[in-house]
Amino acid sequence: MRRPVRIAVTGAAGAISYSLLFKIAAGEMMGKDQPVILQLIELPHAMDSLRGVAMELMDCAYPLLHTITLHDNVEDGFNNAHYALLVGAKPRGPGMERSDLLEENAAIFARQGKALNDYANRDVKVLITGNPANTNALIASRNAPDLSPSQFTCLTRLDHNRAKGILANHSGATTRDIGGIMIWGNHSATQYPDLHQATILGKPALSQIDTAWYRDEFIPKVQKRGAEIIEARGLSSAASAAQAIVDQMRDWVLGTEPGEITSMGILSDGSYGITKGIFFSFPVRCNYGRYQIVQDISVNEFGRKRLTETEEELLEEKAVVEHLLPK
Ligand code: NAX
């Protein structure tokens, strides 16, 4: 058996974690031969609830679950972590402006970035889920000067999976038959779910579906799926978000399937003309624990407009928190 890896999770008593932690302990994220130590982090007032979650995890008697530790601060919780899943964030309250939400979360993710820098394993891989995920990732990475920005990603795999699921449902194919989905940009309603590389049973998806459906129904449906779920369920996506976190981390660590593309929010290096220094979802492939942007995909005029729109939103978000970013 391998040596256990340390996985720190913030917001560990929240709704997403209530699905996520059980999947990790069952070996769905790191593989069926990889024992895990869970370092669970919550706000002080949620520690009782967290103890309940830990008891349930213990009661599942997972063979791969080595140890569980509970923490009410990130400095202890991130200690020696190989992986850090930043799920907890301040939700938008009544009457709260978007800029207030950005600023309040900026303070949280600045502290978390510093704590990762000071306490986590030097090779830690960090996935930010808490919203606004892209800008929170920017803040965390900028506050961790001793870590490489390539160690930080934000979650856009849920958008990717949603696009795949909705296309499968519409076309009658199974998700196994679908490849080449791409999500560009922000995890928000400006994201661009792009089907120009997508295939259904190996043939171009766009030759098999109606262009009007793609542009007028599919794109807005993926963009607004989170809101549609809140309206229907009265609660935000939790189990599907947990699945997406597992999928994104597994691909990052263990690699994407040969030839397959996935989508990850990563620091822009200027590819596709996107401003450097913002976290933007790109089509990537992963191998040996690293991701690489898939290059040379042609982006038509329709796509370029969408890329610019979502890029502009991220630049606006960055401008709101700029004064909190270390130089
Ligand atoms: P919940 O409100 O159920 O749980 C969040 C938990 O985080 C709470 O228990 C809270 O006490 C804890 N928390 C808050 N601040 C913390 C901090 N500084 N340190 C440690 N713990 C902290 O929310 P949940 O449904 O689990 O969603 C978590 C986050 O994911 C939200 O910000 C949500 O907006 C975001 N999402 C992001 C998605 C994405 O694709 N990027 C999709 C799903 C989800 O909406």
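Given the structure is predicted, the values throughout are model-derived calculations rather than measurements. (Residues numbered from 1 in each chain as written. Predicted model: local features only at pLDDT ≥ 70, side-chain atom pairs only at ≥ 80, totals over all residues.)

### A short note on helix α2 (residues 47–59)
With 13 residues, α2 ought to run about 18 Å at 1.5 Å a step, and its terminal C-alpha atoms sit 18 Å apart, in line with that. Remark: A61 follows α2 within two positions and exhibits a positive phi of approximately 50°. (Helix = DSSP H or I, 4+ residues; strand = E, 2+ residues; numbered from the N terminus. Expected span 1.5 Å × (residues − 1).)

### Section: the domain arrangement of the protein chain
In terms of domain boundaries, the protein chain breaks down into domain 1 (5–154) and domain 2 (157–318). Spacing between the C-alpha centres of domain 1 and domain 2 amounts to 23 Å. Facing the 27 residues of domain 1 at the interface are 24 residues of domain 2. Put simply, the parts of the chain that give the side of domain 1 that touches domain 2 at least two residues each are α1 (15–25), β4 (83–86), β5 (125–128), α5 (133–142) and β6 (152–154). Looking at the side of domain 1 that touches domain 2 residue by residue, the class counts come to 16 nonpolar, eight polar and three charged. (Domains from an automatic or database assignment. Contact = placed C-beta atoms within 7 Å. Nonpolar A, V, L, I, M, F, W, Y, C, P; charged D, E, K, R; others polar.)

### A short note on the UniProt feature "binding site: substrate" (unreviewed entry) in the protein chain
What UniProt calls "binding site: substrate" (unreviewed entry) maps, in this numbering, to R92, R98, N131 and R162. Taking the farthest pair of C-alpha atoms as the criterion, the annotated set spanning 71 residues is dispersed, since that pair is 24.7 Å apart. Structurally, the position occupied by R92 is in the loop between β4 and α4 (98–119). Within the secondary structure, R162 sits in helix α6 (residues 157–171). (UniProt positions renumbered as here; feature names shortened; annotations may be inferred.)

### Some points on the site of the ligand
The environment of the ligand is made up of 27 residues, and the closest members are G11, G14, A15, I16 and G88. Residues of the shell around the ligand, tallied by class, amount to 15 nonpolar, 10 polar and two charged. Shared between two domains, the shell around the ligand takes at least three residues from each, and those domains are domain 1 (5–154) and domain 2 (157–318). (Near = placed C-beta within 6 Å.)

### Focus: the pairing of strand β12 (residues 262–267)
Among the six residues of β12, six are classified as buried, and the element is accordingly described as predominantly covered. In the sheet, β12 pairs with strand β13 (residues 279–287) via six bridges, with the strands oriented antiparallel. Along β13, the bridge assignment pairs S263 with P283. (Buried ≥ 20, exposed ≤ 12 C-beta atoms within 10 Å, placed from the backbone. Pairing = 2+ DSSP bridges.)

### Notes on the sheet that holds strand β11 (residues 203–204)
Across the sheet, which stays open at both edges, the three strands sit in the order β7-β10-β11 with antiparallel pairing between neighbours. Of all the strands in the sheet, the pair left with one neighbour each is β7 (178–179) and β11.

### Details of unusual backbone geometry
Residues other than glycine predominantly adopt negative phi, and peptide bonds predominantly adopt the trans conformation. Note that the residue after N131, namely P132, is joined by a cis bond; omega there is -10°. Looking at where P132 falls in the secondary structure, it is placed in the loop between β5 and α5. One non-glycine residue with positive phi stands out, namely N80, at about 60°. For N80, a count of 13 C-beta atoms within 10 Å puts it in the partly exposed group.

### What about the UniProt feature "domain: Lactate/malate dehydrogenase C-terminal" (unreviewed entry) in the protein chain?
According to UniProt, the feature "domain: Lactate/malate dehydrogenase C-terminal" (unreviewed entry) maps to residues 156–322 in the numbering used here. Its end C-alpha atoms 23 Å apart, residues 156–322 is made of 44% helix and 19% strand.

### Here we look at the nonpolar core
Nonpolar side chains tend to gather and get buried jointly when the protein is soluble and globular. Core analysis: the largest hydrophobic core is formed by 83 residues, its most contacted members being V9, A84, L116, I128, A140 and I245. Of the residues forming this core, the biggest block, seven residues, is contributed by helix α9 (residues 239–254). The residue makeup of this core includes at least three contributed by each of domain 1 (5–154) and domain 2 (157–318). In contact with A140, other than residues within four places in its own chain, are L86, F109, Q112, G113, L116, V126, I128 and F152. (Core = buried A, V, L, I, M, F, W, Y, C linked by C-beta atoms within 7 Å.)

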